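Each chain is listed here by its residues.
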Amino acid sequence: MQQADPPRNSFGGWQTNHGGRGTGKYRTEKQNGRWWLIDPSGNRCLHIGVVSLYNSETPGSRAAYQKKYRSLADWANQTTNQLRANGFNGAGCWSSITEIRAAHHRFSYCAYIEPMAKFRDALKAQGDFQGKVGWQGYPNDIIRVFDPRFDAYIEAEAKKLAQYANDPYCVGYFTDNELPWKNDALDRILTHYRAPDPGYLAAQKWLNLRKGHHATLADINDTDRQAFGAYYIETYLQKVTRATRKYAPGKLYLGCRFNQHKEELANEALIRTAGKYMDILSINHYHKWQPEAWQMQQWENWSGKPFLISEFYSKGEDSGLANETGEGWIVKTQEDRGYFYQNFIIELLKSRACVGWHWLSYQDSDPTHSGNTPSNRNTNKGLYTYDYRPYDAALKPMQEINSRLYRLIEYLDRS
């Protein structure tokens, strides 16, 4: 019979007695060729989280909540205990941190701020939107990193992290989500903007310096595009990390949640630049059934850092929901969702560079709520239904592998 995993502590780390150094904060460390998250007490850890761990306020969810829970504190206590029993040890992005922090048994969590999204919304309110808006809401799929007005939004958002700076259960923080790091950002800026736009001026100056003359679109090649992409994201990362490290010193920067496999995740110059600033690369994993060994190796080689899968999921045909939206794969049953999870995690562990994963999400979309966003309608993303019933058939296979991760890693590392 397989030996049981070592017991877990309150941070979700394994009591492995490997002489780890406790610093009171989460950190990363590479040991014998494998990356680990090291918990605040010094033990090896993986962050096994659930995204959007909050109590929904939609009509159908609210009615069920009022019947099942006495208070938000009761919801937080019951839910974190149930997730812990199924092998999860933390909350991912967009979670109810206040309630989670107040739970009787502490549960780790990740903070989230959105400086660029806040700046985007302000520009939209001011009517400063020109061009076709991409699916993330940015005109021409360009983010305004060079605009000096952006800096005030960074500062305002970064201040929000100060409340978590001394909490050992805060793993780290994300900044923004799925920003459009387009491979042809240089072409887009020079095509769609003109002086005195700060983005246009920065891009034209960069190109002129690179070419040694007043260059045009005709002068741009793919090497230029990759190099500008690195400059583009570095401008963003320099600005956000300068502010966030001031307010949350020592907390892990978990990145800005990359998601495009044919663009940022395949762009060596961009990933190398990300590795200079991010402690862990965050990747929302869609469009592929499972993570691929060669690509995971690229991410580690290029960045020199471990990675975290910050979103992934599958949807069951037996949920009673239409599953018309969302990027997750569709499988036949809830049990199959659990097997999908098992297969996905085994491939992650083979890479030796993954330090955690976050399932999207805690609850299904509420089919009774017409106000849900287009990507969250009639969709079986949750570990729980919209009315707080757990998908036990999906959770059982998840618990089976979550409870054996440490011994599985030992086996894979001997192979």
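Our subject is the structure listed above.
Note that residues are indexed from 1 along each chain, following the sequence as it is written. Given that this is a predicted model, residues contribute local features only at a pLDDT of at least 70 and side-chain atom pairs are listed and counted only at 80 or more, while totals for whole chains, interfaces and linings are drawn from all residues. Hydrogens are left out, water is left out, and the side-chain values use all remaining heavy atoms of the structure.

A. Representation of the side chain of Asn 259 within the structure. In this text, helices come from DSSP runs of H or I with a minimum length of four residues, and strands from runs of E with a minimum of two, each type numbered from the N-terminal end. With respect to the secondary-structure elements, Asn 259 resides in the loop between β8 (252-253) and α9 (268-277). With sequence-adjacent residues up to four places away left out, Asn 259 is seen in contact with Trp 135, Glu 178, Glu 264, Leu 265, Asn 284 and His 287. The contact criterion used throughout is that any non-hydrogen atoms of two residues lie within 4.5 Å.

B. Region of the structure containing the nonpolar core. Side-chain atoms within 4.5 Å are what join buried Ala, Val, Leu, Ile, Met, Phe, Trp, Tyr and Cys residues into a set we call a nonpolar core. Exposed residues in this analysis have more than 50% of their type's maximum accessible area, buried residues have under 20%, and partly exposed residues fall in between, with area computed by a 1.4 Å probe over protein chains only. Counting residues in hydrophobic clusters, the biggest one holds 121 residues, and the most contacted among them are Trp 181, Tyr 236, Phe 258, Phe 307, Tyr 341, Ile 345 and Trp 357. The leading source of residues in this core is helix α8 (residues 222-247), at 8 residues. Those residues in contact with Phe 258 that lie beyond four places of it in its chain are Trp 181, Ile 233, Glu 264, Leu 265, Leu 270, Ile 271, Ala 274, Met 278, Ser 282, Ile 283 and Asn 284.

C. Spotlight on the sheet that holds strand β6 (residues 108-113). Judged by pairing direction, the sheet is parallel, and its 8 strands sit side by side in the order β8-β7-β6-β5-β4-β13-β10-β9 without closing on themselves. Pairing within the sheet leaves two strands with one partner each, and these edge strands are β8 and β9 (281-284). As paired elements, β9 and strand β10 (residues 307-311) share 4 bridges and run parallel to each other. Counterpart to Leu 281 in the pairing with β10 is Phe 307. Two strands qualify as a pair provided that DSSP identifies no fewer than 2 bridges between them.

D. View of the sheet that holds strand β1 (residues 27-31). Taken in spatial order, the 3 strands of this open sheet run β1-β2-β3, and their pairing is antiparallel. Each having just a single partner strand, β1 and β3 (44-45) make up the two edges of the open sheet. Across 5 bridges, β1 lies against strand β2 (residues 34-38) in antiparallel orientation. Counted as the bridge partner of Thr 28 is Leu 37 from β2.

E. Just the pattern of salt bridges, in detail. Each salt bridge in this description consists of a side-chain nitrogen of Lys or Arg and a carboxyl oxygen of Asp or Glu lying within 4 Å of one another. In this structure the tally under the stated criterion is 34 salt bridges. Between Arg 34 and Asp 413 there is a salt bridge, with the nearest N and O atoms lying 2.7 Å from each other. In this pair, Arg 34 sits in strand β2 while Asp 413 sits in helix α13 (residues 405-414), placing the two residues 379 residues apart along the sequence. Assessed through its relative accessible area of 29%, Asp 413 is described here as partly exposed. Asp 74 is paired through a salt bridge with Arg 70; the nearest N and O atoms lie 3.6 Å apart. For Asp 74, a relative accessible area of 8% gives the class buried. A network of salt bridges, in which partner residues are shared, links Asp 128, Arg 144, Asp 147, Arg 149 and Asp 197.

F. Expanded view of the packing of helix α11 (residues 334-351) against helix α12 (residues 392-402). In this analysis, axes come from line fits to C-alpha atoms, helices being fitted only over the stretch in contact, and the angle between any two N-to-C directions falls in the range 0 to 180 degrees. α12 packs onto α11 with a crossing angle of 25° between their chain directions and a minimal axis gap of 6 Å. Our classification of the angle between α11 and α12 gives roughly parallel. Seen from above, α11 lies across α12 with right-handed handedness. For the pair α11 and α12, contact is made by Gln 334, Glu 335, Arg 337, Gly 338, Tyr 339, Tyr 341, Gln 342, Ile 345 and Ile 346 and by Ala 393, Ala 394, Pro 397, Met 398, Glu 400, Ile 401 and Asn 402, respectively. The scheme is simple: roughly parallel for angles under 35 degrees, roughly antiparallel for over 145, roughly perpendicular for 65 to 115, oblique for anything else. With the far helix as reference, a near helix turned anticlockwise by less than a right angle produces a left-handed crossing, and one turned clockwise produces a right-handed crossing.

G. Local environment of helix α10 (residues 293-303). Those residues of α10 not exposed but buried are Gln 295, Met 296, Trp 299, Glu 300, Trp 302 and Ser 303. Looking at the packing, one finds that the buried side of α10 touches β1, β2, α9, β9, β10 and α11. A positive phi of about 70° marks Gly 304, the residue just after α10.

H. Layout of the side chain of His 285. Checked against the element boundaries, His 285 lands in the loop between β9 and α10. What His 285 contacts, discounting residues up to four positions off in sequence, is His 261, Gln 290, Pro 291, Ile 309, Glu 311, Phe 312 and Phe 344.

I. The arrangement of helix α2 (residues 72-85) in detail. Here the expected length of a helix is defined as 1.5 Å per residue gap, with one fewer gap than residues. Its 14 residues place the ends of α2 20 Å apart at the C-alpha level, agreeing with the 20 Å of an ideal helix rising 1.5 Å per residue. Taken together, the buried positions of α2 are occupied by Asp 74, Trp 75, Ala 76, Asn 77, Thr 79, Thr 80 and Leu 83. Those residues of α2 that are buried lie in contact with β4 (47-50), α1 (59-68) and α3 (97-101). Count one or two residues on from α2 and you reach Gly 87, which has phi positive near 90°.

J. Main features of the packing of helix α7 (residues 198-211) against α8. Interaxial distance between α7 and α8 falls to 11 Å at its minimum, and their mutual angle equals 130°. Considered as vectors, α7 and α8 are oriented oblique to each other. The element α7 and its partner α8 pack so that their crossing is right-handed. Each of Ala 203, Trp 206, Arg 210 and Lys 211 in α7 lies in contact with α8, whose residues at this interface are Thr 223, Asp 224, Ala 227, Phe 228 and Tyr 231.

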